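Here is how the chains run, residue by residue.
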Amino acid sequence: MEPPRTPRRGTRQQLPRHVAIIMDGNGRWARRRGLPRALGHREGVKAVRRTVEACLDTGVEVLTLFAFSSENWRRPATEVGLLMDLFLRTLRKEITRLHRNGVRLRFIGDRRAFPQRLQELMQEAERQTADNERLTLVVAVNYGGRWDMAEAARRLAARVAAGEMAADDIDVETLQRELSIHDLPEPDLFIRTGGEQRISNFLLWQLAYTELYFTDLLWPDFDRAAFDEALDSFAGRQRRFGRTGEQVEQSRRA
Ligand code: IPE
Ligand code: IPE
Ligand code: MG
């Protein structure tokens, strides 16, 4: 993996190229105010906007947001419907601004489960922003890390069955190439808001060497200061990728 690039702005020595976030705590944010969970989700959209702006401002190249997990279907039908509706409306409303700001949109997850018009809108948003280069915004919807790996295995098996490759050719690289976002740098920094310290079936494979950062802040309260705090924590870490600290120091000085 390539080392992080020099930041375009700011003074941090080590800036993550790719930040991946589990945006958790919308429901609790609302409940604490005696509001319906729906309002927490709506408030969460504002935090998404702030975070995209923070990435544009600091020079982070890829932002991956977990918006809806393959397990979130287990929620009450009204909440699921509401989330779909919010997703559709937000996408419609934000696409022009995102495009103007040079954001390339990508969606990962099994989209076949979504209403037709949402699938079309996602496809259209990807098409419209495909050539943008400032920031890649990956939205994980109906995504699960296990699903991602199972899909990759299924595609490889199909190629073996078709005689296009041998089972012996399957290794880490060939499997990785079948995963979603394999063409993007791996996540350098993972952030989870809401106080829980778990991965909840987010990017399982891709997080192998990602620096993990947890905050008790609920997602609707996540702001620029909180984002900067996470970047500062990342900047202070030594990434060894299996080597010794001395080796890392030596290659840094070289
Ligand atoms: C995260 O907030 C948003 C989604 C999972 C869609 P939650 O809705 O999980 O909020 P909490 O965890 O119940 O507070
Ligand atoms: C993870 O949050 C999924 C998203 C943020 C989309 P959850 O709230 O669904 O996670 P669990 O159930 O607490 O692990
Ligand atoms: Mg939650």
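Scroll up to find the structure this text is about.
Keep in mind it's a predicted model, so treat the numbers as computed, not measured.

## Looking at the site of ligand 1
No. 1: The environment of ligand 1 is made up of Met23, Asp24, Gly25, Asn26, Gly27, Arg28, Arg37, His41, Ala67, Asn72, Arg75 and Leu83.
No. 2: At 2.8 Å, a side-chain N or O of Asp24 approaches an oxygen atom of ligand 1.
No. 3: Between ligand 1 and Arg75, the relevant distance is 2.7 Å, taken from an oxygen atom to a side-chain nitrogen or oxygen of the residue.
No. 4: Taken by itself ligand 1 offers 380 Å² of open surface, and the protein chains cover 87% of this.

## Let's talk about the site of ligand 2
No. 1: All residues adjacent to ligand 2 are Ile22, Met23, Asp24, Phe66, Ala67, Phe68, Ser69, Asn72, Arg75, Arg192, Arg198 and Ser200.
No. 2: Within the contact set of ligand 2, an oxygen atom lies 2.6 Å away from a side-chain nitrogen or oxygen of Ser200.
No. 3: Calculation on ligand 2 without its partners gives an accessible area of 390 Å², and the protein chains cover 78% of this total.
No. 4: At 4 residues, strand 2 (residues 62–69) tops the list of elements feeding residues into the shell around ligand 2.
No. 5: Class assignment of the residues belonging to the shell around ligand 2 gives a composition of 5 nonpolar, 3 polar and 4 charged.

## Quick notes on helix 7 (residues 224–235)
No. 1: When the terminal C-alpha atoms of helix 7 are compared, their 16 Å separation across 12 residues agrees well with the 16 Å that a helix rising 1.5 Å per residue should span.
No. 2: Packing partners of the buried residues in helix 7 comprise helix 2 (37–58), strand 5 (189–192) and strand 6 (211–214).

## A closer look at helix 3 (residues 77–100)
No. 1: Here helix 3 contains 24 residues, and its C-alpha end-to-end distance of 35 Å stays within 8% of the 34 Å for a straight helix at 1.5 Å per residue.
No. 2: In the structure, helix 3 departs most strongly from a straight axis at Glu94, where the bend amounts to approximately 45°.
No. 3: When helix 3 is considered as a whole, its buried residues turn out to be Glu79, Val80, Leu83, Met84, Leu86, Phe87, Leu88, Thr90, Leu91, Glu94, Ile95 and Leu98.
No. 4: Elements in contact with the buried residues of helix 3: helix 2, strand 2, strand 3 (103–108), helix 4 (116–129) and strand 4 (135–143).
No. 5: Two residues or fewer past helix 3, Gly102 is found with a positive phi of approximately 75°.

## Some thoughts on unusual backbone geometry
No. 1: The backbone phi angle of Asn142 is positive, close to 50°, even though this residue is not glycine.
No. 2: Counting through the fold element by element, Asn142 comes out in strand 4.

## Points about the packing of aromatic side chains
No. 1: Counting across every chain of the model gives 10 aromatic pairs.
No. 2: Ring geometry for Phe66 versus Tyr143: centroids 6.2 Å apart, planes at 80°, classification edge-to-face. A residue pair is termed long-range when its members are at least 10 positions apart, and Phe66 in strand 2 and Tyr143 in strand 4 qualify at 77 residues.
No. 3: On the basis of an interplanar angle of 50° and a centroid distance of 5.2 Å, the ring pair of Tyr209 and Phe241 is categorised as tilted. Of this pair, Tyr209 sits in the loop between strand 5 and strand 6 while Phe241 is found in the loop between helix 7 and helix 8 (245–253), placing the two residues 32 residues apart along the sequence.
No. 4: Taken together, the aromatic side chains of Phe66, Tyr143, Trp147, Phe190, Phe202 and Phe214 make up a single cluster linked through ring pairs.

## Description of the sheet that holds strand 3
No. 1: With parallel pairing, the 6 strands of this open sheet are ordered in space as 3-4-2-1-5-6. On the outer flanks of this sheet lie strand 3 and strand 6, each paired with one strand and no other. Pairwise comparison of adjacent strand axes, ignoring direction, gives a mean angle of 20° for this sheet.

## Considering the nonpolar core
No. 1: In terms of nonpolar packing, the biggest core is built from 43 residues, with Leu63, Leu105, Phe107 and Leu137 touching the most fellow members.
No. 2: Phe66, Tyr143, Phe190 and Leu207 belong to the second-largest nonpolar core, a separate cluster that totals 14 residues.

## Here we look at the pattern of salt bridges
Working definition: two side chains of opposite charge can pair if their charged atoms are close together.
No. 1: For the structure shown, the criterion picks out 26 salt bridges.
No. 2: With its nearest N and O atoms 2.9 Å apart, the salt bridge here joins Arg17 to Glu61. Remark: Glu61 occurs in the loop between helix 2 and strand 2 and Arg17 occurs in the segment before strand 1 (18–22); sequence separation between them is 44 residues.
No. 3: Using a relative accessible area of 13% as the deciding quantity, one classes Arg17 as buried.
No. 4: Judged by its relative accessible area of 15%, Glu61 falls in the buried class.
No. 5: Between Arg28 and Glu196 there is a salt bridge, with its nearest N and O atoms 3.5 Å apart.

Rules behind the numbers
Residues numbered from 1 in each chain as written. Chains lettered and ligands numbered in written order. Predicted model: local features only at pLDDT ≥ 70, side-chain atom pairs only at ≥ 80, totals over all residues. Heavy atoms only, no water. Near = heavy atom within 4 Å. Polar contact = N/O pair within 3.5 Å; in protein donor to acceptor, adjacent residues only side chain to side chain. Areas by Shrake-Rupley, 256 points an atom, 1.4 Å probe, with all protein chains shown as cover. Helix = DSSP H or I, 4+ residues; strand = E, 2+ residues; numbered from the N terminus. Nonpolar A, V, L, I, M, F, W, Y, C, P; charged D, E, K, R; others polar. Expected span 1.5 Å × (residues − 1). Contact = heavy atoms within 4.5 Å. Bend = angle between axes of the 7 residues up to and from the residue. Buried < 20%, exposed > 50% of the residue type's maximum accessible area, 1.4 Å probe, protein only. Phe/Tyr/Trp six-rings, centres within 6.5 Å; stacked < 30°, edge-to-face > 60°. Pairing = 2+ DSSP bridges. Axes fitted to C-alpha atoms, helices over the stretch in contact; angles between N-to-C directions. Core = buried A, V, L, I, M, F, W, Y, C linked by side-chain atoms within 4.5 Å. Salt bridge = Lys/Arg side-chain N within 4 Å of Asp/Glu carboxyl O.

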